[in-house]
Amino acid sequence: MEYIVGVKQSQFGLLVVVTDADIIGKKFEDEKLQLDLTKKFYQGEVKTKEEVKQMMMAARHMHLTGKGAVAIGMEMDLVDPKKIIFIGKIPHAEIMNE
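Every value quoted in this text rests on a predicted model; they were computed, and no experiment measured them.

Our focus in this paragraph is the sheet that holds strand E5 (residues 45-47). Read from one edge of the open sheet, six strands run E5-E1-E2-E6-E8-E7, paired in mixed fashion. Of all strands in the sheet, those with a lone pairing partner are E5 and strand E7 (85-87), marking the two edges. Taken over all neighbouring pairs, the strand axes of this sheet differ in orientation by 25 degrees on average, direction set aside. As judged from the eight bridges shared by strand E1 (residues 3-10) and strand E2 (residues 13-20), these two strands associate in the antiparallel manner. Bridge pairing in E2 places Gln 9 opposite Leu 14.

Those residues of helix H2 (residues 67-75) that fall on the buried side of the exposure criterion are Gly 68, Ala 69, Val 70, Ile 72 and Gly 73. The elements touched by buried residues of H2 are E1, E2, helix H1 (49-58), strand E6 (61-65) and strand E8 (90-96). The first or second residue beyond H2 is Asp 77, which carries a positive phi of 60 degrees.

Quick notes on the rules
- Residues numbered from 1 in each chain as written.
- Predicted model: local features only at pLDDT ≥ 70, side-chain atom pairs only at ≥ 80, totals over all residues.
- Heavy atoms only, no water.
- Pairing = 2+ DSSP bridges.
- Helix = DSSP H or I, 4+ residues; strand = E, 2+ residues; numbered from the N terminus.
- Axes fitted to C-alpha atoms, helices over the stretch in contact; angles between N-to-C directions.
- Buried < 20%, exposed > 50% of the residue type's maximum accessible area, 1.4 Å probe, protein only.
- Contact = heavy atoms within 4.5 Å.

Distances and angles like these do not, on their own, reveal function.
Set out below in structure tokens:
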């Protein structure tokens, strides 16, 4: 699986945005929430799983969107399963490293 990764500086430090490549450019909704993966915020470069892991280790703040991206966060013990939200069946997690 490939991932689209954007790296940005935020008020909290390095922000890494990881999105499964197969859902980038799409929009998902449920009754109360919307996930618009067409926005510039989600754009970035194509990366492999190993590259994503390295970037996540350096990040202070992360947005993970899609089954693969969230699974990497869980595999690295960064994502609390109770804090995963689903928007149109797409998992999304935000992480703030201390």
